[in-house]
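Residue-level structure breakdown
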Amino acid sequence: MEISLAQRIVKENKPFVFFHTHSATREAIENAIVNGKSMDLDICVDDSGNPYLGHSKEYYEKSGEAQPETMPFAEAIELVSKANIPVIVDCKHYDAWPIVENVISKIGAHRCLVHSFAKELKFDFEHSDHDYLTEWSPIKKLTEIKNKFPTATITASCKFLPNDLLLSSKYYELLQKIREILKTNAIDTICLNVPDNTMSDKILEFFLEEKILPHVGIDNVDISKLSRIYVGETDNLGVASNSNLFGY
């Protein structure tokens, strides 16, 4: 019986660390597959509705970042679908959801961690980044994806939360609000997008009480201080979890 990545993490009682990258080149994808790791696919559409790997046109215009080299979309999905590694399927434009659903079907829902920024989790505290309007989707869209693909792991992202969210008791009600939104909408994992070095077992436990796994970027964090389970992310392929040892 196939189970979701989130269910595997709970069953194994150990974190799983994904490989994170903006440059989904052929070399990057093939290295991830050969090494039995995982892959991160940012899925977007252009003005004509054609899919590609990357962020939105709006993102590159506002951020000033150059659009990275990536593999042709159809070839990349075909390559990943024939492998047996977990994949972050990251919806980077609200018009890309039909494409995302096709990708989930082709890869296999149990291998997919489906991510989007949720409108209901958009706050107004810290603005250290631009507001990319095309990246926001209603959280009900994520619930629809979960209903259609029960073995997919569904991730919602917050943005513009206070940097000291996890350090001060004054935000307890805010954290409760976030957790309730996630619970109501059957969200499996949460990206708070606050400094990763503020993560603690106390916060992990707060979300785990409702069977929600927080994301932790591990590259600049002493993970030896975290004894509870989570979804990790790293920019270093060598540090990412071995999917073969995780049942894939």
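Bear in mind the structure is a predicted one, so any value in this text is a computation, not a measurement.

Looking now at the overall build of the chain. Secondary structure assignment for the chain yields 8 helices and 10 strands. Against the globule reference of 18 Å for 248 residues, the chain gives a C-alpha radius of gyration of 17 Å, in line with a compact fold. Here the C-alpha coordinates of the chain stretch approximately 50 × 40 × 35 Å along the principal axes. The buried share among the 248 residues of the chain stands at 56%. Taking the intrachain contacts of the chain between residues at least 6 apart in sequence as the baseline, contacts between residues at least 24 apart amount to 70%. Counting every atom, the chain has about 11,400 Å² of accessible surface; 47% of that belongs to carbon and sulfur. Each charge class in the chain can be summarised by its mean position, and for the 26 positive and 37 negative side chains these summaries are 6 Å apart.

Before going further, it helps to examine the pairing of strand β4 (residues 87-91). Buried residues dominate β4, accounting for 5 of its 5 residues. Residue alternation in β4 divides its side chains into two sets, V87, V89 and C91 and I88 and D90, and both sets are buried. Across 5 bridges, strand β2 (residues 39-45) lies against β4 in parallel orientation. Across the sheet, residue L41 finds its bridge partner in β4, namely V89. In the classification by handedness, the crossover that spans β4, the intervening helix α5 (residues 97-107) and the parallel strand β5 (residues 112-122) is right-handed.

What follows is about the pattern of salt bridges. Enumeration over the complete set of coordinates arrives at 17 salt bridges. For D47, the salt bridge identified is with K57, shortest N-O distance 3.6 Å. Of this pair, D47 sits in the loop between β2 and β3 (51-53) while K57 sits in helix α3 (residues 57-63); the two residues are 10 residues apart in sequence, bridging distant segments of the chain. Residue K57 is classed as partly exposed on the basis of its relative accessible area, which comes to 49%. Between D90 and K92 there is a salt bridge; the shortest N-O distance is 3.2 Å. One network of salt bridges, in which partners are shared, links E101, K141, E144 and K148.

On to the nonpolar core, then. Counting 80 residues, the largest nonpolar core has L121, I178, L192 and F207 as the members making the most contacts within it. Top element by residues in this core is α5. It accounts for 6 residues. Contacts of L192, omitting those with residues within four sequence positions, involve C158, L161, L165, L166, I178 and F207.

Tracing the backbone shows D40 in strand β2. Put simply, D40 is tucked away with no salt bridge, and the nearest opposite charge, on K92, sits 7.1 Å away. Here the side chain of D40 touches T21 through a polar contact of 3.4 Å, landing on its backbone nitrogen. With residues up to four places along the chain from it excluded, the contact list for D40 reads F19, H20, T21, A24, I88 and D90.

A few words on α5. By the burial criterion, the buried members of α5 are W97, I99, V100, E101, V103, I104 and I107. With its phi angle positive at about 110°, G108 sits one or two positions after the end of α5.

Turning next to the packing of helix α2 (residues 26-34) against helix α4 (residues 73-81). Between α2 and α4, the shortest axis-to-axis distance is 11 Å and the interhelical angle comes to 5°. It follows that α2 is roughly parallel to α4 by the angle criterion. Of the residues in α4, those in contact with R26, I29, E30 and I33 of α2 are E75, A76, L79 and V80.

This paragraph deals with the side chain of D42. By the secondary structure assignment, D42 is in strand β2. Buried and without a salt bridge, D42 has K92 as its closest oppositely charged side chain, separated by 4.3 Å. A distance of 3.5 Å separates a polar atom in the side chain of D42 from a polar atom in the side chain of H55.

Rules used in this analysis
Residues numbered from 1 in each chain as written. Predicted model: local features only at pLDDT ≥ 70, side-chain atom pairs only at ≥ 80, totals over all residues. Heavy atoms only, no water. Helix = DSSP H or I, 4+ residues; strand = E, 2+ residues; numbered from the N terminus. Rg over C-alpha atoms; globule rule 2.2 N^0.38 Å. Buried < 20%, exposed > 50% of the residue type's maximum accessible area, 1.4 Å probe, protein only. Contact = heavy atoms within 4.5 Å. Areas by Shrake-Rupley, 256 points an atom, 1.4 Å probe, with all protein chains shown as cover. Lys, Arg positive; Asp, Glu negative; His and termini not counted. Charge placed at Lys NZ, Arg CZ, Asp CG, Glu CD. Pairing = 2+ DSSP bridges. Right-handed = clockwise from strand over helix to strand, strands pointing away. Salt bridge = Lys/Arg side-chain N within 4 Å of Asp/Glu carboxyl O. Core = buried A, V, L, I, M, F, W, Y, C linked by side-chain atoms within 4.5 Å. Polar contact = N/O pair within 3.5 Å; in protein donor to acceptor, adjacent residues only side chain to side chain. Axes fitted to C-alpha atoms, helices over the stretch in contact; angles between N-to-C directions. Parallel < 35°, antiparallel > 145°, perpendicular 65-115°, else oblique.

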